[in-house]
Amino acid sequence: MTRLLPLFFIFSLFFSLSSSKTLKRDVKALNEIKASLGWRVVYAWVGDDPCGDGNLPPWSGVTCSLQGDYRVVTELEVYAVSIVGPFPIAVTNLLDLTRLDLHNNKLTGPIPPQIGRLKRLKILNLRWNKLQDVLPAEIGELKSLTHLYLSFNSLKGEIPKELATLPELRYLYLHQNRFSGRIPAELGTLQKLQHLDVGNNHLVGTIRQLIRIDGCFPSLRNLYLNDNYLTGGVPAELASLTNLEILYLSNNKLSGVIPSEVAHLPRLTSLYLDHNQFAGRIPEALYKHPFLKEMYIKGNSFRAGVNPIGVHTVLELTDSEFLV
């Protein structure tokens, strides 16, 4: 008898979902989106109710949940279907969204400031599109956000400091855009941030300016600063980022010597220093580091006898392994 209980609850939940009405706000928003999208999406979106109407299933890529007496849309995943045109503003009327995934399409124009209306959003994935203009400050209103993927677009301007007001943020991907100016040091106050990738942009400044706040980046594991215009040296204070595993500094204008304190990063596995203006010797302690598997040094002015560690492999420009 007890084994039948879970099946009973599942059936009851399914019956409740299928017999409940979908919130009119969400029905209207999804139908507006449907009207603006190409045939690749529309052919799979049959009927007027995105959550299904009993005879028809929910629309492909649409996940609904029961909230009180109504069904609401909580997830929208429409990716790799060649959506062409501007970001569909109607998406910002889906106020119960926790996940929005429109990656690998051909969206153009700006991310609208109305994005800040999605207060429950946890995952926002817009990578691999053709989005332009500045990243709106309203992105800082998404207080539940844990994953932000904006890589491989044409976003420009400065990285907004408002990103530092997202207390739950763990993964921040901004690489391969046209961001300029300095990386906000305020990002270091994000207590849960594990992965920061701002590579392949037009950023300036120094690493010291980035980590100037005491106790910054307490959870950071991966730091990608490659392919920018950073200057200055590698500060000894970097050793305070004790959870750091990957430090990717390739293709900047960094100079000076590598401080011995870098070898005190207890979890460091990959260190990319190539194609900068470093000189001197590599600290001997790095060659004895228990976890360091890769250290790439090509394209600098190190003294003779300085050798790389491991076989260099180009770091993949992908964030798929971090998607949840």
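Just so it is clear, the model here is predicted, and its values are computed rather than measured.

The helix and strand tally for the chain stands at five helices and 21 strands. Across the 324 residues that make up the chain, the buried fraction comes to 49%. Contacts spanning at least 24 positions in sequence make up 52% of the contacts within the chain whose residues lie at least 6 apart. As displayed, the chain has an accessible area near 15500 Å², and 55% of this comes from carbon and sulfur atoms.

Another aspect to go through is the packing of aromatic side chains. Scanning the entire structure with this criterion turns up six aromatic pairs. On the basis of an interplanar angle of 20° and a centroid distance of 5.2 Å, the ring pair of Y149 and Y173 is categorised as stacked. One end of the pair, Y149, is in strand β9 (residues 147–149); the other, Y173, is in strand β11 (residues 171–173), and 24 residues separate them in sequence. Neither residue differs from the other here; Y149 and Y173 are each classed as buried. Three or more aromatic residues joined by ring pairs form one cluster here, namely Y224, Y248 and Y272.

What follows concerns the environment of P308. With respect to the helices and strands, the residue P308 is situated in the segment after β21 (301–302). By relative accessible area, which is 45% here, P308 ends up partly exposed. Linking P308 and D274, residues 34 residues apart in sequence, is a C-alpha distance of 9.9 Å. If near-sequence neighbours (up to four positions away) are discounted, P308 is found in contact with M295 and I297.

Moving on: the side chain of N105. Within the secondary structure, N105 is located in the loop between β5 (99–101) and β6 (106–109). Side-chain polar atoms of N105 contact the backbone oxygen of V78, separated by 3.0 Å. Ignoring any residue separated from it by four or fewer positions in sequence, one finds N105 in contact with V78, Y79, A80, V81, S82, I83, W128 and N129.

With that out of the way, let us pick up the sheet that holds strand β14 (residues 202–204). Either a parallel or an antiparallel arrangement is found when strands of a sheet pair, and the pairing is made through backbone hydrogen bonds. Sheet architecture is open: six strands sit in the order β4-β6-β8-β10-β12-β14, paired in parallel fashion. Across the chains shown, the open sheet's two edge strands, defined by having one partner strand only, are β4 (84–86) and β14. Averaged over all adjacent pairs, the angle separating strand axes in this sheet is 20°, with direction ignored. Pairing of strand β8 (residues 130–134) with strand β10 (residues 154–158), which is carried by three bridges, proceeds in the parallel orientation. By the bridge assignment, Q132 is partnered in β10 with S154.

What counts as what
- Residues numbered from 1 in each chain as written.
- Predicted model: local features only at pLDDT ≥ 70, side-chain atom pairs only at ≥ 80, totals over all residues.
- Heavy atoms only, no water.
- Helix = DSSP H or I, 4+ residues; strand = E, 2+ residues; numbered from the N terminus.
- Buried < 20%, exposed > 50% of the residue type's maximum accessible area, 1.4 Å probe, protein only.
- Contact = heavy atoms within 4.5 Å.
- Areas by Shrake-Rupley, 256 points an atom, 1.4 Å probe, with all protein chains shown as cover.
- Phe/Tyr/Trp six-rings, centres within 6.5 Å; stacked < 30°, edge-to-face > 60°.
- Polar contact = N/O pair within 3.5 Å; in protein donor to acceptor, adjacent residues only side chain to side chain.
- Pairing = 2+ DSSP bridges.
- Axes fitted to C-alpha atoms, helices over the stretch in contact; angles between N-to-C directions.

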